[in-house]
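One-letter residues, chain by chain:
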Amino acid sequence: MKRAGVLLLAAAPVIATGMYFVMPTDSANAPAAAPPAATAQSAREDAKDRAEEERAEDDAVIAGLPAGLAAPAKKELAQQLVASAEHSTTDWRTTYGSIEDQDDGCGYTAGIIGFCTGTHDLLMLVEGYTEDHPDNGLASYLPALREVDGSDSHEGLDPGFPAAWEAEAKVPAFRAAQEAERDRVYFEPAVRLAKLDGLGTLGQFVYFDAMVFHGPDLDPDGFYGLRERTLKQAKTPAAGGSEKKYLNAFLDIRREAMLTRYPDQDTSRVDTAQRRFLEAGNLGLDTPLVWEMYGEHHRLP
C-alpha cells in the first residue's frame, strides 16, 4: 500500500469566541464576567453537544438506508476487490501474515489491509492488540514501532520483526484484531460518509478503496482532501447531483493524486476496476464482476 500518510485523530472543531461589552451602569448589580477559561470550556462543551446532535441525526439517516456495502456478502466482495489490488489475490484471508517493504516510503506494509510501519495504523493495531494480549510476539517491538512511525526506517525492527509478524498472524486473536482495526479505521468511516453523500454500493466501495490507499488524511492527497476537491467540481447525490458524474469526478481526482505522488504508479484499481464498473452502470456492485489488476484477470461469479 502506498499512502501519503494517515491522520487518525479527529479534527478539533473551530470555536468562535464572542466579545463581551460591560456597560458602565450599575456595576454592583451587574453579573460578573465569566473568566476566559470558563468561557472556553463552555464553548467546547457546546461544540461537543452540537457534534453529538449532528451524529445522532446522521445515524438516523443511515438507519433508514439499505445496508449497501455493509451487507455481509457485499463486505466480503469489497475485501476481495481490495485484496486484488493490495496482494494480487482475491483470497484475502491468506494475507494476515503478509509483510514486505514496497519501497514506497511507508516502511513495512503488512496484513490484510496493508498496515504500514510508517503511517501510524500498524502502530495503533499493535498497541491495541497488546492492551488485550500483553504477552504477544509483537509487543517487544512497540518501542521501535513508535520510533519509526512516520518514516520508512527499519531501525529496531530488523531482522526479527517480519518473522514475528508472520508468527503472530497465525494466532486467531491477532487475525480478529486486524479485521477490527480495518473496519474501525477504514471500512466503517468510508461507508458511513458515502451513505451520507447519497452514494450506492459501488460509491461506498470507491470511498473505501480510496481510504485504504490514500489514508484517512485531511491533506490534499488524503481521502478527505480528495473528497473536498471533488465537491468543487460536482455535487454529491445527496446534494442533488448525478451519482455517476460525481464518482467520475472523484476517480479523476484520485487518479491524478496517485500519479502526482508516484508517477510510475499502476492505476489499475481505478482504470480497469472501479471505472469499468461505473461505465457499465453497475452502481449496486452486483456480481458477476470482471476486472483487471496489474494485468491479471479477475472474475467473481
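Reading the values: the criteria
- Per chain, the residues get numbers from 1 upward, laid out in the order the sequence is written.
- This being a predicted model, a pLDDT of at least 70 is required before a residue's local features are given, and a value of 80 or more before pairs of side-chain atoms are given or counted; all residues contribute to the totals for chains, interfaces and linings.
- Only hydrogens and water are set aside when side-chain values are computed; all heavy atoms of the structure are taken into account.
- By nonpolar core is meant a set of buried Ala, Val, Leu, Ile, Met, Phe, Trp, Tyr and Cys residues that side-chain atoms within 4.5 Å join together.
- Summary of the burial criterion: residues with accessible area below 20% of their type's maximum are buried, those above 50% are exposed, and those between are partly exposed, where the area comes from a 1.4 Å probe applied to protein chains only.
- Should any heavy atoms of two residues lie within 4.5 Å, those residues are considered in contact.
- Criterion for a disulfide: a pair of cysteine sulfur atoms at a distance within 2.5 Å.
- Centres within 6.5 Å make a pair out of two Phe, Tyr or Trp rings, where for Trp the six-membered ring is used; the pair is then stacked when the planes are under 30 degrees apart, edge-to-face when over 60, and tilted otherwise.
- Secondary structure follows DSSP: runs of H or I at least 4 residues long count as helices, runs of E at least 2 residues long count as strands, and numbering of each begins at the N terminus.
- By definition, two strands form a pair when at least two bridges between them are found by DSSP.
- As a rule, the C-alpha atoms of each element are fitted with a line to give its axis, helices using only the stretch in contact, and angles between N-to-C directions run from 0 to 180 degrees.
- By salt bridge we mean one thing: a side-chain nitrogen of Lys or Arg within 4 Å of a carboxyl oxygen of Asp or Glu.

Participant: So what exactly am I meant to see when it comes to the nonpolar core here?
Facilitator: Within soluble globular proteins, side chains that are nonpolar generally end up buried alongside one another. Membership of the largest hydrophobic core comes to 70 residues, with the highest contact counts inside it found for Leu 145, Phe 161, Trp 165, Tyr 207, Phe 208 and Leu 285. Not counting chain neighbours up to four residues away, the residues in contact with Tyr 207 comprise Ala 190, Leu 193, Ala 194, Asp 197, Leu 199, Phe 223, Arg 227, Tyr 246 and Phe 250.

Participant: Whenever I open this one, the state of the cysteines confuses me. Can you help?
Facilitator: Two cysteines, two sulfur atoms, one covalent bond between them: this is a disulfide. By the definition in use, this model includes zero disulfides. Sulfur of Cys 106: no disulfide; nearest cysteine sulfur belongs to Cys 116 and is 4.7 Å away. For Cys 106, a relative accessible area of 1% translates into the label buried. Take Cys 116: its relative accessible area is 0%, and that puts it in the buried class.

Participant: When you look at the packing of aromatic side chains in this model, what are you seeing that I'm missing?
Facilitator: Two aromatic rings are characterised by how far apart their centres lie and by the angle between their planes. A complete count under the given rule lists 13 aromatic pairs for this structure. Ring centres of Tyr 108 and Phe 161 lie 6.2 Å apart, and the angle between their planes is 40°; this geometry places the pair in the tilted category. One end of the pair, Tyr 108, is in strand S2 (residues 108-110); the other, Phe 161, is in helix H5 (residues 161-168), with 53 residues separating them in the sequence. Considered together, Tyr 108 and Phe 161 belong to a single accessibility category, that of buried residues. On the basis of an interplanar angle of 75° and a centroid distance of 5.1 Å, the ring pair of Tyr 207 and Phe 223 is categorised as edge-to-face.

Participant: So what exactly am I meant to see when it comes to the sheet that holds strand S1 (residues 99-101) here?
Facilitator: Where strands meet in a sheet, backbone hydrogen bonds hold them as pairs that are either parallel or antiparallel. Judged by pairing direction, the sheet is antiparallel, and its three strands sit side by side in the order S1-S2-S3 without closing on themselves. Because the sheet does not close on itself, it has two edges, and the strands there are S1 and strand S3 (115-116). Summarising the sheet, S1 and S2 pair through three bridges and their orientation is antiparallel. Note on S2: the bridge partner recorded for Ile 99 is Ala 110. Along the sheet, H5 makes contact with S1 and S2, crossing S1 at roughly 155°.

Participant: Help me understand the pattern of salt bridges, please; the structure alone is not making it clear to me.
Facilitator: Between side chains of opposite charge, a pair can form as their charged atoms come close. One pass over the full model with this rule turns up 16 salt bridges. Asp 209 is paired through a salt bridge with Arg 269; the nearest N and O atoms lie 2.8 Å apart. Placement of Asp 209 in helix H7 (residues 201-214) and of Arg 269 in helix H10 (residues 268-279) is noted, with a sequence separation of 60 residues between them. The buried category is assigned to Asp 209, whose relative accessible area is 1%. Of the residues examined, Arg 269 reaches a relative accessible area of 4% and is grouped as buried. For the salt bridge of Arg 275 with Asp 252, the shortest nitrogen-to-oxygen distance reads 2.7 Å. Remark: Asp 252 occurs in helix H9 (residues 243-261) and Arg 275 occurs in helix H10; sequence separation between them is 23 residues. The exposure class assigned to Arg 275 is buried, which follows from its relative accessible area of 12%. Through salt bridges with shared partners, a single network forms among Glu 86, Asp 209, Arg 254 and Arg 269.

Such coordinate-based values are descriptive only and should not be taken to indicate function.
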